Amino acid sequence: MPPRLGDLFAPRDRAYFELFEEAGRNAVLAADLLERMLVNFPDSREMAGEILECEHEGDRITHDIIDRLNHTFVTPIDREDILQLASALDDIVDYTEEVADYLGLYKIEAPMAQAQRLAGVLRDATRQIAGAIPLIREFKNISDQMVEVHRLEKEGDRLTREAIASLFETGIDPMVVIRWKDIFERLENAIDSTERVAFILEGIVIKNA
């Protein structure tokens, strides 16, 4: 079958997809490290350094994507989608790193079970995102992964509400309440960022299918 006219003029620069896949794997690594850090805390304090390395790697990937955009006229997907996806993937790692940083900054001595559960939700959501990203190379169906990300985001919201409510039920020192509220909110932001990525990925597939 001869190629369609549209295929002859389709952009062939696939490097963006490779960079997105790198960013997805980096988000999974950061989330895995944070979950392990919280499960084994405080013996795992040094893992904050490894998560910071993931944050730096995320910045490098985002810079590479933007630099490529500045030197590329034709892109395989809309430029706006490329920028939004790069930013949202970077946000996941940024918020993940903030959680690890705050554990040290606030001199947390022991983890709360709710934080461990939220880190597990974040880990699972990043894995779904990383599994979906390779599929958008050919704009394949990613509905299974997206449904699971949306479910996990709702679970994260529920756990965050319960976690913050618990801070005000046990007569905890007000400074401890403030510190843990900050940590819970950043965990929620990281999970919310996975849903933002999911919406962007869904939009890309719909527009290009």
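Going by the structure above, here's the rest.
A brief report on the enclosed structure follows.

Parameters and conventions
Residues numbered from 1 in each chain as written. Predicted model: local features only at pLDDT ≥ 70, side-chain atom pairs only at ≥ 80, totals over all residues. Heavy atoms only, no water. 1 Å grid on protein atoms, 1.4 Å probe; cavity = no way out; pocket = protein on both sides within 12 Å on 5 of 7 lines; lining within 4 Å. Points joined across faces, edges and corners; volume = space filled by probe spheres on them. Helix = DSSP H or I, 4+ residues; strand = E, 2+ residues; numbered from the N terminus. Nonpolar A, V, L, I, M, F, W, Y, C, P; charged D, E, K, R; others polar. Salt bridge = Lys/Arg side-chain N within 4 Å of Asp/Glu carboxyl O. Buried < 20%, exposed > 50% of the residue type's maximum accessible area, 1.4 Å probe, protein only.

1. Notes on empty space enclosed by the protein
Thinking step 1. Applying the stated criterion to the full structure yields 1 cavity of 30 Å³ or more.
Thinking step 2. Space inside the largest cavity adds up to approximately 70 Å³.
Thinking step 3. Around the largest cavity sit Ala23, Asn26, Gly58, Ile61, Thr62, Ile65, Ala86, Leu89, Asp90 and Val93, which together line it.
Thinking step 4. When contributions to the lining of the largest cavity are tallied by element, the ones reaching two or more residues are α2 (15–40), α3 (47–70) and α4 (79–105).
Thinking step 5. Its residues placed into classes, the lining of the largest cavity shows 6 nonpolar, 3 polar and 1 charged.

2. What to know about the pattern of salt bridges
Thinking step 1. Under the counting rule described, the total for this entry stands at 15 salt bridges.
Thinking step 2. Note that Asp64 and Arg60 form a salt bridge whose closest N and O atoms lie 2.6 Å from each other. A residue pair is termed a helical-turn pair when its members lie 3 or 4 positions apart in one helix, as Asp64 and Arg60 do in helix α3 at 4 residues.
Thinking step 3. Taking the relative accessible area as the measure of exposure, Asp64 reaches 26% and is therefore partly exposed.
Thinking step 4. The class of Arg60 is partly exposed, set by a relative accessible area of 31%.

In short, the description is geometric, and any link to function would need to be established separately.
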